[in-house]
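Observations on chain architecture
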Amino acid sequence: MSKALEGVRILDMTHVQAGPSCTQILGFLGADVIKIEPAGRGDITRGQLRDVPDVDSLYFTMLNCNKRSLTLNLKAPEGKEIFTQLIQNGDVLVENFGPGVLDRLGFPWEKMQELNPGLIYASIKGFGLYGPMSHLKAYESIAQAMGGSMSTTGTEDSMPLCTGAQIGDSGSGIHLVAAILAALYHRTHSGTGQRVEVAMQESVLNLVRVKMRDHQRLEHGPLAEYPNKTFGTSVPRSGNASGGGHPGTALKCKPGGPNDYIYVVFQPQIWEPLLKTMGRDDLVGDPRYSTPEARLERLDEVYGLVEEWSSQYTKFEVMEILNEIDVPCGPIMATEDLIQDEHLRSRQMIVDVEHPKRGTFTTVGCPLKLSDSPVEIASSPLLGEHTEEILTGTLGYTAEDVQRMRDAGAV
């Protein structure tokens, strides 16, 4: 079976996390992803958070599978020559440099269009390509702070908190994949490329849109499904409240470790079957709990009743019992649980990969599933591993040309 993006060439000028997560997915889908890295050092994450001396870090290997590595000095004339050839032979260029980096190197968007009218130029920036803050740099936590996530994460009496998930980096990476695929489709009938962009701040905002919904609902009074006692002019931090139309929370389970919890959503129709399953038939029809409105008024009591029962079982036992009566629930999966999870492994979302120097490492697979275009995950490349292959096989340079460029410090 063919790959979905077979024949599409991606010039990957990304580094760290947001950009590489985007181009890796394009590689998973079958695109030829050429990762262009500075000669000598490469992507800075190769050396960051190393757990094995002198071997590419997991930070790098887990975000750069299914790519080829080309080292290139864009300040050398020969390096600019190679880059020009790559642009002319590429379909998509992806970068997440600080504002204006490629312009200063002599490759603004206008020049790229002249070299290749069909090229799609895709960027991830902290705050986009235009607007009053477009010149500012951003990191994951800054995007969470300025995209609305931190102000709504935590408990009522806590300081604002970052989420454990990298929603700015990974969110913007996924969003840029969608923008690139849309631009590729547009090119099939327009014949021309275009510039596409994603701002990290806006990716975070997109992921917390329900809080913007609730902010507008505040104009008409307190949010009844929130456990908070008081409300101000903004959506409060509400702990583990579900944020949906039904109350929900994390309940303790056996044996009481830091992640021995299960999250349960309390839909109206599950209350009576839940009471019977817990052996609390005596509470069926009790007016204190018999309606959703009554339960909302005493959520702490409701949660306490169920937690008294759930604490007798492990989180996985509770999940099995509750699913038998159609109660929406899910155990709090620690990283140890995730890496061993049979369901995720069966769906190739937790995958073991062989690296030429590291040996076996475990990575996260492709969340996009296509019935006729299966994903095969290959190891991340060594620094410059495919330089000669790309120069000779893709761009048509001779071995003598490659040696000349090495001598000139271009590759």
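Parameters and conventions
- Residues numbered from 1 in each chain as written.
- Predicted model: local features only at pLDDT ≥ 70, side-chain atom pairs only at ≥ 80, totals over all residues.
- Heavy atoms only, no water.
- Axes fitted to C-alpha atoms, helices over the stretch in contact; angles between N-to-C directions.
- Helix = DSSP H or I, 4+ residues; strand = E, 2+ residues; numbered from the N terminus.
- Parallel < 35°, antiparallel > 145°, perpendicular 65-115°, else oblique.
- Left-handed = near helix turned anticlockwise from the far one by under 90°.
- Contact = heavy atoms within 4.5 Å.
- 1 Å grid on protein atoms, 1.4 Å probe; cavity = no way out; pocket = protein on both sides within 12 Å on 5 of 7 lines; lining within 4 Å.
- Points joined across faces, edges and corners; volume = space filled by probe spheres on them.
- Nonpolar A, V, L, I, M, F, W, Y, C, P; charged D, E, K, R; others polar.
- UniProt positions renumbered as here; feature names shortened; annotations may be inferred.
- Pairing = 2+ DSSP bridges.
- Domains from an automatic or database assignment.

1. Observations concerning the packing of helix H16 (residues 387-394) against helix H17 (residues 399-407)
What describes two packed helices is the angle between their axes and the distance between those same axes. H17 packs onto H16 with a crossing angle of 135 degrees between their chain directions and a minimal axis gap of 10 Å. Between H16 and H17, the angle falls in the class oblique. The crossing of H16 and H17 is right-handed. Only Ala399, Val402 and Arg406 of H17 make contact with H16, whose side of the interface consists of Thr387, Glu388, Leu391 and Thr392.

2. What about the layout of surface pockets?
For the largest pocket, the calculated volume is near 980 Å³. As for the largest pocket, its lining consists of 38 residues, and the residues nearest its centre are His15, Val16, Asn96, Phe97 and Gly98. Sorting the residues of the lining of the largest pocket by element identifies strand E2 (32-37) and strand E5 (120-125) as the ones contributing at least two each. Its residues placed into classes, the lining of the largest pocket shows 20 nonpolar, ten polar and eight charged.

3. Quick look at the UniProt feature "active site" (unreviewed entry) in the chain
When the UniProt feature table is mapped to this numbering, "active site" (unreviewed entry) covers Asp169. Contact partners of Asp169, with chain neighbours within four places excluded, come to Gln17, Ala18, Ser21, Glu140 and Met200.

4. A closer look at the sheet that holds E5
Judged by pairing direction, the sheet is parallel, and its six strands sit side by side in the order E3-E2-E1-E4-E5-E6 without closing on themselves. Two strands lie at the open edges of the sheet, namely strand E3 (68-71) and strand E6 (195-199), each paired on one side alone. The average undirected angle you get between the axes of adjacent strands in this sheet is 20 degrees. Direction of pairing for strand E1 (residues 9-13) relative to E2: parallel, over a ladder of four bridges. Pairing of Arg9 across the sheet is with Asp32, part of E2.

5. Let's talk about the domain arrangement of the chain
The domains assigned to the chain are domain 1 (9-206 + 343-408) and domain 2 (248-339). On a C-alpha basis, the centroid separation for the pair domain 1 and domain 2 is 42 Å.

6. What to know about the UniProt feature "binding site: CoA" (unreviewed entry) in the chain
Mapped onto the present numbering, the UniProt feature "binding site: CoA" (unreviewed entry) falls on His15, Val16, Gln17, Ala18, Asn96, Phe97, Gly98, Arg104, Lys137, Ala138, Tyr139 and Glu140. For this annotated set, covering 126 residues, the C-alpha atoms extend up to 25.4 Å from each other, a dispersed arrangement in space. Within the annotated group, the residues that form the lining of the largest pocket are His15, Val16, Gln17, Ala18, Asn96, Phe97, Gly98, Lys137, Ala138, Tyr139 and Glu140. Within the fold, Gln17 resides in the loop between E1 and helix H1 (18-28).

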